[in-house]
Amino acid sequence: MAYELATTLTDLKEYLKPLLEGETKVVAFDFETSPIEEWRGVKDAALDPHKADITGISLSISPETGIYVPLLHQISKNAEDIGGIMLFLSKEIFQNRQMIKVAHNLSFEAMFLYKYGVMILPPVYDTIAAAQLTLKEEMGFRELKDCGLKTLVPALFNVELPTFSEVTEGKHFDELNPEDYETVRYACADSDFALRLYYRFNEWFDRFLPKHRFICEEIESPTAVYTGIMKYNGVAVDRNLMEQKKREAEQKLSELRRQICDVAGRELDIGANAATDEFKRFIYEEMKLPVVKTTAKFAEAADDEAMVLLKEWCAGHNPELVQFFELIQEYRKWGKIKSTYVDGYLQHINEATGRIHPDLFPLGTDTGRFASRKPNLQNAPRKDNDPIGVRNFFIARPRYKFLDFDFSQIELRVGAYFCRDKRMLEAYQTGGDIHSQTTSVIYKIPFEQAVDKAATQYKERRTIAKNCNFGVFFGLFPRGLQRTLKFKAGLEASLEECEQIIRNLKNGYPGLMRWQAETKRRAALRKYAETALGRRRYLKGINCEDWGVKSYWERCALNTPIQGTAADILKLALQRILEGLPERPYIKPLLQIHDELLFEVEEDKVSEAAEFIKACMEAVPFPEFDVPIKAEGAVGTRFGELEEMEVFS
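The notes below deal with the structure included here. (Residues numbered from 1 in each chain as written. Predicted model: local features only at pLDDT ≥ 70, side-chain atom pairs only at ≥ 80, totals over all residues. Heavy atoms only, no water.)

Some details on the overall build of the chain
Just so we agree on the cut-off: By the criteria applied, helices consist of DSSP H or I runs no shorter than four residues and strands consist of E runs no shorter than two, each listed in order from the N terminus. Two things to know: the radius of gyration comes from C-alpha atoms, and the globule rule equals 2.2 Å times the number of residues to the power 0.38. Buried residues are those whose accessible area, probed at 1.4 Å on protein chains only, stays under 20% of the maximum for their type, while exposed residues exceed 50% and partly exposed ones sit between those limits.
Scanning the chain from terminus to terminus reveals 22 helices and 19 strands. In summary, the chain has a C-alpha radius of gyration of 28 Å against a globular reference of 26 Å for 649 residues, a match within 12%. Summarising its shape, the C-alpha atoms of the chain cover approximately 85 × 60 × 55 Å along the three principal directions. Taken across its 649 residues, the chain has 55% of its residues classed as buried.

Below, the structure is given as structure tokens:
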């Protein structure tokens, strides 16, 4: 391998000469990082830009070559004129809109560059995203755990790369000698093989799945940069409020535990979530209550749904026990509040920033939607379903406001685009109300009555219509609708009523039913489903003889085009926002939660930022998409107390 050390800007430019003169337009790069002094003893501090600095940068413009620029090594010599080198790389490479910037785990590099006020601009290419979009086996894409450089290189190039621990022997990277060839070789190999993966994966895409190359280059790679920016910024929390809620939760749980034992007539070990073996024995053996639900392994269930069903059974057969199950439900609610939203969030506050910086995974689901962990902010309550004020834990920094934008009914709009049903398309293209339209359809009442808030049963009918809209695209059955209404909307409906509702829905939206039938037929032949832009998901059990298995994969066949296309639309909006951020440093992207984007914006720039973000989100995502997209904005200093705002774009 022709790996070299560069300590001057002249050396760097000499290696990059073919790139700078336009002979090639692809450059791969990689950062080595080390903790700053304050955090040197903290595990994984080198991976946190708030606790670490860039030790050195490697670049590669042709396979089997690379150059390493040492910046902050503690021994031997570093590069001369570090400021000049970083300025050159920022302007000529990272923000160059003609060069393709390649990195393995691009969000990591984007995060560290953002620390220094530099945003990597497209075209970009993340080889981890590319790996996840290529097949590991027939009908199976690589998972994130399969996509590390030390895993891919031996599998694809038959070359074993030394591990970080083997090279550093327990030291931090800045304690290695940059003039030692092993240091240079380790650093350069990362950028060299990232470049080789770029060519290898593109060859694969072009041969087997060209649409995934577009998704990698135009959707997932810019999203990786945006993800790194969100990760760096994190979100500030009100620790005092969280500690207050923790005390309230502990007090509430203690009181509920006492009440439960009083009703039970003895001390009962119910644990943190009323799911202990003793609790199950008590309800099924001591109280001899019926088994109303079983687990996948056919054991007695004791989940929330089982508790609701037991409470209902007791209402008709043993009324004095109704209170017991009401207390259990309340206990579980507060247990989740404490474990998930208080303790769970508190343990992930970054000591260096006082903010939460969750891990975000743009390809965390089979449909292309984001996933989140440490903590999982994807399960944060929605703004219209946050009774305990979890979102108030998140606060804007001084002299900033939260600016929040939410796609309005994006999956239903995507569904209307796919099924081409005239009534659905008309509702969206004329700015109508799809939920009222569905209310009119399933209850066979005039549209004017369906939108009349003073009409009899308006609220209940609209709730049912909403649940139908969000479920029917995915093949909702009458019993499934009945359970959804019962456990999510708190509404009782007989199976016959649900059958009639779905029957009316099918008759009212014939285009939807035709699309569902055709989609399932096509999926059975192809054994995969696709989004509008060609993101593929394989359906391994679509032709299974077991009806339950087949039914599950048929629902996946219906779900994937809609949910996956909605995810693609959001990510395309992220790219448009990313392109405009260098000219708008007052906008700080913070979080993505489902169809929602959260920003911190300087107080005096809120209106200007809102117009820009709304325009990016509502832009036509691709030429064929003919359903208007609507993004609704809100502003405030606490995430849970945002006020809707009128935005003109």
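What about the sheet that holds strand E16 (residues 587–593)?
Hydrogen bonds along the backbone pair up the strands of a sheet, which may run parallel or antiparallel. Defined as follows: We treat two strands as partners when DSSP finds at least two bridges between them. To obtain an axis, a line is fitted to C-alpha atoms, over the contacting stretch when the element is a helix, and the angle between two such axes runs from 0 to 180 degrees between their N-to-C directions. What makes two residues a contact is simply this: any of their non-hydrogen atoms within 4.5 Å.
Reading across the sheet, the 5 strands line up as E16-E17-E13-E18-E19 and stay open at both edges, with antiparallel pairing between neighbours. In this open sheet, the two strands that pair with only one neighbour each are E16 and strand E19 (643–645). Averaged over all neighbouring strand pairs, the angle between strand axes comes to 30 degrees, with direction disregarded. For E16 and strand E17 (residues 596–602), the ladder comprises 6 bridges, and the chain directions are antiparallel. By the bridge assignment for E17, Lys588 is matched with Glu600. Across the sheet, helix H8 (residues 210–233) lies against E16 and E17, angled at about 100 degrees from E16, the strand it touches most.

Focus on the packing of aromatic side chains
Definition in use: Ring pairs shown here join Phe, Tyr and Trp side chains whose ring centres sit within 6.5 Å, with only the six-membered ring taken for Trp; geometry is labelled stacked below 30 degrees between planes, edge-to-face above 60, and tilted in between. Sitting over a ring, as applied to charges here, requires NZ of Lys or CZ of Arg to be within 6 Å of the ring centre and within 35 degrees of the ring normal.
Following the criterion strictly, the structure yields 29 aromatic pairs and no others. Residues Phe418 and Trp515 carry aromatic rings whose centres are separated by 5.9 Å and whose planes lie at 35 degrees to one another, so their mutual orientation is tilted. Taken together, the residues Phe418 in helix H13 (residues 410–419) and Trp515 in helix H20 (residues 510–526) connect sequence positions 97 residues apart. Accessibility classification places Phe418 together with Trp515 in one group, the buried group. Each member of the aromatic cluster is reached from another via a ring pair, and the members are Tyr341, Tyr345, Phe394, Phe402 and Phe639. Taking the ring centre of Tyr528 as reference, the NZ or CZ of Arg536 above it sits at 3.7 Å.

With respect to the packing of helix H18 (residues 478–487) against helix H19 (residues 495–508)
Note the following rule: For classification purposes, angles smaller than 35 degrees are called roughly parallel, those larger than 145 roughly antiparallel, those between 65 and 115 roughly perpendicular, and all remaining angles oblique. The crossing is said to be left-handed when, going from far helix to near helix, the turn is anticlockwise and less than a right angle, and right-handed when the turn is clockwise. Any residue outside Ala, Val, Leu, Ile, Met, Phe, Trp, Tyr, Cys, Pro, Asp, Glu, Lys and Arg is labelled polar, Gly included; the first ten of those are nonpolar and the last four are charged.
At a minimum axis distance of 8 Å, the contact between H18 and H19 shows a crossing angle of 110 degrees. Between H18 and H19, the interaxial angle falls into the category roughly perpendicular. Pair H18 / H19 crosses with right-handed handedness. Of the residues in H19, those touching H18 at Pro478, Arg479, Leu481, Gln482 and Leu485 are Leu495, Cys498, Glu499, Ile501 and Ile502. Here the residues of the contact of H18 with H19 sort into 7 nonpolar, 1 polar and 2 charged.

Points about the sheet that holds strand E2 (residues 26–35)
Read from one edge of the open sheet, 6 strands run E1-E4-E3-E2-E5-E6, paired in mixed fashion. The open sheet terminates on both sides in strands that have one partner only, identified here as strand E1 (2–5) and strand E6 (124–126). Going from strand to strand, the sheet's axes swing by 25 degrees on average, the running direction of each strand aside. Pairing geometry for E1 and strand E4 (residues 65–70), over 4 bridges, is parallel. Paired with Tyr3 across the two strands is Gly66, which belongs to E4. Helix-sheet contacts for helix H1 (residues 9–20) involve E2, strand E3 (52–60) and E4, and the interaxial angle to E4 is about 145 degrees.

Here's the deal with unusual backbone geometry
The omega torsion across Pro122 and Pro123 is 5 degrees, close enough to zero to call that bond cis. Counting through the fold element by element, Pro123 comes out in the loop between helix H3 (106–115) and E6. Residues Lys374 and Pro375 are joined by a peptide bond in cis, for which omega reads -5 degrees. For Pro375, the position within the fold is in the loop between strand E12 (371–373) and strand E13 (400–407). Backbone geometry at Ser76 places phi at a positive 60 degrees, although glycine is not the residue there. By the secondary structure assignment, Ser76 is in the loop between E4 and helix H2 (82–94). A positive phi is found at Arg399, a non-glycine position, where the angle reads about 70 degrees. Inspection of the secondary structure assignment puts Arg399 in the loop between E12 and E13.

What to know about the pairing of E17
Burial analysis of E17 places 6 of its 7 residues in the buried class, which makes it a mostly covered element. The sheet contact formed by E13 and E17 spans 7 bridges and is antiparallel. Note on E17: the bridge partner recorded for Asp404 is Leu598. Hairpin connection, E16 to E17: the antiparallel pair is bridged by 2 residues, and His594 has positive phi, about 60 degrees.

Considerations on empty space enclosed by the protein
Sizing a probe to match a water molecule and rolling it over the atoms shows the empty space that remains. As a reminder of what qualifies: Grid points spaced at 1 Å and placed over the protein atoms alone form the basis of the search, with a cavity being a set where a 1.4 Å probe fits but cannot get out and a pocket an open set showing protein on both sides within 12 Å along at least five of seven lines. Lining residues have an atom within 4 Å of a point. Grid points are joined across faces, edges and corners, and a volume is the space filled by probe spheres set on the points.
Under the defined criterion, the tally for this structure stands at 3 cavities of 30 Å³ or more. When its volume is computed, the largest cavity comes out at roughly 80 Å³. Along its surface, the largest cavity is lined by Gly368, Arg369, Phe370, Glu411, Gln563, Ala566, Ala567, Leu570, Lys571, Gln592, His594 and Asp595. No other element matches the 5 residues that helix H21 (residues 547–580) contributes to the lining of the largest cavity.

Structural notes on the pattern of salt bridges
This is how it is decided: The term salt bridge refers to a pairing of a side-chain nitrogen on Lys or Arg with a carboxyl oxygen on Asp or Glu at a separation within 4 Å.
Evaluated as defined, the whole model comprises 44 salt bridges. Among the salt bridges present, the one from Arg213 reaches Asp206, with a minimum N-O distance of 2.8 Å. We note a salt bridge from Lys293 to Glu305, for which the minimum N-O separation is 3.5 Å. Pair noted here: Lys293 is in the loop between helix H10 (277–286) and helix H11 (304–317) and Glu305 is in helix H11, with a separation of 12 residues, a long-range link. Take Glu305: its relative accessible area is 15%, and that puts it in the buried class. Here the residues in one salt-bridge network are Glu220, Arg535, Asp568 and Lys571, joined through shared partners.

With respect to helix H5 (residues 149–157)
Of the residues making up H5, those classed as buried are Leu149, Leu152, Val153, Pro154 and Phe157. Contacts from the buried residues of H5 go to helix H4 (127–132) and helix H7 (181–208). Where H5 terminates, the next one or two residues include Asn158, which has phi positive at roughly 60 degrees.

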